[in-house]
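Fold and geometry: a report
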Amino acid sequence: MKAEVYNEIAQVPKADWDALASQFSRTQSRDFWAVVEKSGLNDFKYRYAIFRDESGKPAALAAFYTVTTDIAIFAPAFLRKALALVRRLFPSFLKIRMLECGTPMTLTSPPFIMRKDVSLEDAVEALDKLLLGLAQAEGHFLIVVRDFETNAEGYCSHFRARGYHLVHGLPNTYLGIRWRTADDYLASMKSYYRSKVLKHMKRNELAQMRHEVVENFDDKAELLCAQWMTVYNHAAEFQREKLTPEFYRQFSRQMGAASKAIYFYSSERLVGHALLMLDGETLRWLYFGREAAQNDSLYLYVAQAVIKTAIGLGVKQLEMGLTTYPIKTDMGAQLMPMKMALRARSRFINFFVGFGYSILNRPPKIENKNVFKSRERIER
């Protein structure tokens, strides 16, 4: 397959992109990537490739980018503390500019799209040749293809055959939605977990908390981003993309009814928000922000409001994202393993990549809880 590479999304033929992406996740849509490109996140530099078959028809599509990333991004707490001390003197220690294929925010599995009649082996070969060629030409130390959840296990063997190391990242979390109302959800929980939820909900009720779901929130972009930065700056488990007010503006304006925010008020003050994206039969909880960092029950109240929104929208599942696993699993979410494919541009260095990653990073084990009276099962 022949690759055509574009430096801006406006250059990519719209008909070709839409034809390939129409049956896939909204996170692989042209609209979503236009939002990402315009948002000014970190030092991301985006490019896009359409792969054509011998007849010239679009066969596959991949979005990829360069970004400076901490190669110990999933390091355990003790190592993160040690790195923080070293980085007082050497701010860029273990931070490298790498070439990634996937999405810079949320998780998209599989990470690229192709026609159903195209050979997966051929698509992986074409993508690998493109990424490796760019890494060698531009001097990128590491190539990352992410993410592979259980629905993309078949992809992993093809990347492994081409010299990639398949490693575990942070697991994603999903809640299968099988209730008609929020009361049905609570009634289905075992008494121990239900009592924990109700206790925290009562605290928020006494604090006069309330919430509302909105689709247009571009007028509050600065405030919402400031709330998100409060959470970002206090994150203990994981820090990656740094959002901007422009991201909130573009997401609200460009994604239409798929973009939703839940505002959380204490009395009449907006003290937090959750950012959501409706993606077919899945509701994705993308981000959470709050006015002040403190240890209270707000996050649990937010999570319950997100679940209630998912039930009201009639989706089949709620993606709850990375981190804060104890709270999410207490509410019934199941951890879903996620893998990434890594390789260095140098064959010699590539030999050590898998081992080096395992030393620097310790993703949590998959430990799910039996929260409901009848065990919750998620089919993907």
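Above this note sits the structure.
Here's what I pulled together on the structure shown here. (Residues numbered from 1 in each chain as written. Predicted model: local features only at pLDDT ≥ 70, side-chain atom pairs only at ≥ 80, totals over all residues. Heavy atoms only, no water.)

1. Here we look at the pattern of salt bridges
The condition that has to hold: Salt bridge, as used here, is a side-chain nitrogen of Lys or Arg placed within 4 Å of a carboxyl oxygen of Asp or Glu. For helices the rule is a DSSP run of H or I covering at least 4 residues; for strands it is a run of E covering at least 2, with both sets numbered from the N terminus onward.
Here the structure, examined in full by the defined rule, presents 26 salt bridges. Close ionic contact of Arg 249 with Glu 246 constitutes a salt bridge, the shortest N to O distance being 3.1 Å. Residue Arg 249 and its partner Glu 246 are located together in helix H9 (residues 245-254), separated by three residues, close to a single helical turn.

2. Overview of the pairing of strand E10 (residues 259-266)
Going by this rule: Only protein chains enter the accessibility calculation, which uses a 1.4 Å probe. A residue is then buried if its area is under 20% of the maximum for its type, exposed if over 50%, and partly exposed in between. The pairing criterion is simple: DSSP has to find at least two bridges between the two strands.
With eight of its eight residues buried, E10 lies for the most part within the structure. Going residue by residue along E10, you find Ser 259, Ala 261, Tyr 263 and Tyr 265 tucked away on one face and Lys 260, Ile 262, Phe 264 and Ser 266 tucked away on the opposite face as well. Here strand E9 (residues 209-214) pairs with E10 via six bridges, running antiparallel. Paired with His 211 across the bridge in E10 is Phe 264. Two elements, E10 and strand E11 (residues 269-279), share eight bridges in a ladder whose sense is antiparallel. Along E11, the bridge assignment pairs Ser 259 with Met 277. Between E10 and the antiparallel strand that follows it, E11, lie two residues; Ser 267 among them carries a positive phi value of about 60 degrees.

3. Things to note about helix H1 (residues 14-21)
Inclusion rule: In this description, one arc is meant: the one made by directions from the helix axis to the C-beta atoms.
Those residues of H1 not exposed but buried are Asp 16, Trp 17, Leu 20 and Ala 21. End-on view of H1: buried residues confined to an arc of 115 degrees, all on one side of the axis. Of the exposed residues in H1, the ones pointing more than 90 degrees away from its buried face are Lys 14, Ala 15 and Ala 19.

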